[in-house]
Amino acid sequence: MTMCFAVKDRVQASAEVRPSTTSEACSLSPYDFLPAPDVHDRKRVRMVFVVEHILADHIDQLQHLKKKLNPCIPHRYTKAMQEQSEFVNVGVVDANPSSTTGMIEVLQHLQQYVAVTKNTPVPCLVSGDGLSVKRIIHAQQSRSNGEDWHHRLDSMWAAPQEFHKEILLLQDSNNKFFVGASEIDRGTIAQLKSEFNHRSLCKDVMSNFQHVWDMYEFATEGYVLLCAIRLRGMHAIDDMPAGFPAYQPVKAQLDWLHQLAQEVVEFCWETPDNQGIAIAAKSFVEEPGDISDDALAFCSCDNGTKI
């Protein structure tokens, strides 16, 4: 049995069917696949935002500022995304979604709710857990030779839910940072696991997601606070930070907190290779034979040749 729901998109998109976005590689801007300078700037802003909240959550003299901080990073859809979701039950399908055959029945049921413009369906997102998304893809592949979109089931796009994206990100982090042989190295994830008794942490995120999340949250907050303590001449998180305007207006205190967060980010910020990116972008319009080796730092070639 599969219970199905439809959720209203709080960020409304155009109902028109968009043309294919497939383009020739030579017509693309180099910054379509290389990080533009503003990408790094936005990343830094997000890091400062997170550090501000960590400091206000844990340093005693700053905790009264928590309610003054913005609870989320503002963007153009902030207001719409804060609204409560509207959803309706679109029925129960007597089919097993863990099999390709059952998923085909589920998609056929959902497809009757897809909007159609000029005999062309308006693509809709279908969300589920990781295995459900895989079944959706398999179901569509098995019907790929259908006569029309009804039979091909191509009116829907499979999208994993945020929880499963977090699992993938944490697994990548674990693969890189959680190395058992590094337990003797001070400050590594393996050493912190042993030192602070995080026994449940293991390599496979899927089997203990919450423990892995707690470990990385613990390590991140710990390092941020340690850096702030050193920068402000403190010995513990309940000390008065040096230079804190305790008797000045709240705005001055928030400015001080923002400055401290910027200093913490600056301490650990690894300056991106903007010059290398600029060289690669500039060489994009050159002939293949004229491209220098310096411009190929971001090129992945199987045979090592210039392309």
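Let me sum up the structure you'll find in this document. Since we're looking at a predicted model, the values are computed, not measured.

## Concerning the nonpolar core
So, step 1. In terms of nonpolar packing, the biggest core is built from 23 residues, with Val 51, Leu 55, Leu 62, Leu 257 and Val 264 touching the most fellow members.
So, step 2. Elements that contribute at least two residues to this core include exactly α1 (37–58), α8 (209–231) and α9 (250–268).
So, step 3. Ranked by residue count, the leading element in this core is α9, at six residues.
So, step 4. With near-sequence residues (within four places) excluded, Val 51 lies in contact with Val 224, Ala 261, Val 264 and Val 265.
So, step 5. In this structure, Cys 4, Val 114, Val 126 and Ile 136 belong to the second largest nonpolar core, which totals 15 residues.

## Focus on the pattern of salt bridges
So, step 1. For the structure on display, the rule yields five salt bridges.
So, step 2. The salt bridge partner of Arg 42 is Asp 38, with a shortest N-O separation of 2.4 Å. In this pair, Arg 42 and Asp 38 both sit in helix α1, four residues apart, roughly one turn of the helix.
So, step 3. Take Arg 42: its relative accessible area is 44%, and that puts it in the partly exposed class.
So, step 4. Given the relative accessible area of 38%, Asp 38 is considered partly exposed.
So, step 5. Arg 44 serves as the salt-bridge partner of Glu 266, at 2.1 Å between the closest nitrogen and oxygen. Here the residue Glu 266 occupies a position in helix α9, and Arg 44 occupies one in helix α1, the gap between them amounting to 222 residues.

Here is what the cut-offs are and how they apply
- Residues numbered from 1 in each chain as written.
- Predicted model: local features only at pLDDT ≥ 70, side-chain atom pairs only at ≥ 80, totals over all residues.
- Heavy atoms only, no water.
- Core = buried A, V, L, I, M, F, W, Y, C linked by side-chain atoms within 4.5 Å.
- Buried < 20%, exposed > 50% of the residue type's maximum accessible area, 1.4 Å probe, protein only.
- Helix = DSSP H or I, 4+ residues; strand = E, 2+ residues; numbered from the N terminus.
- Contact = heavy atoms within 4.5 Å.
- Salt bridge = Lys/Arg side-chain N within 4 Å of Asp/Glu carboxyl O.

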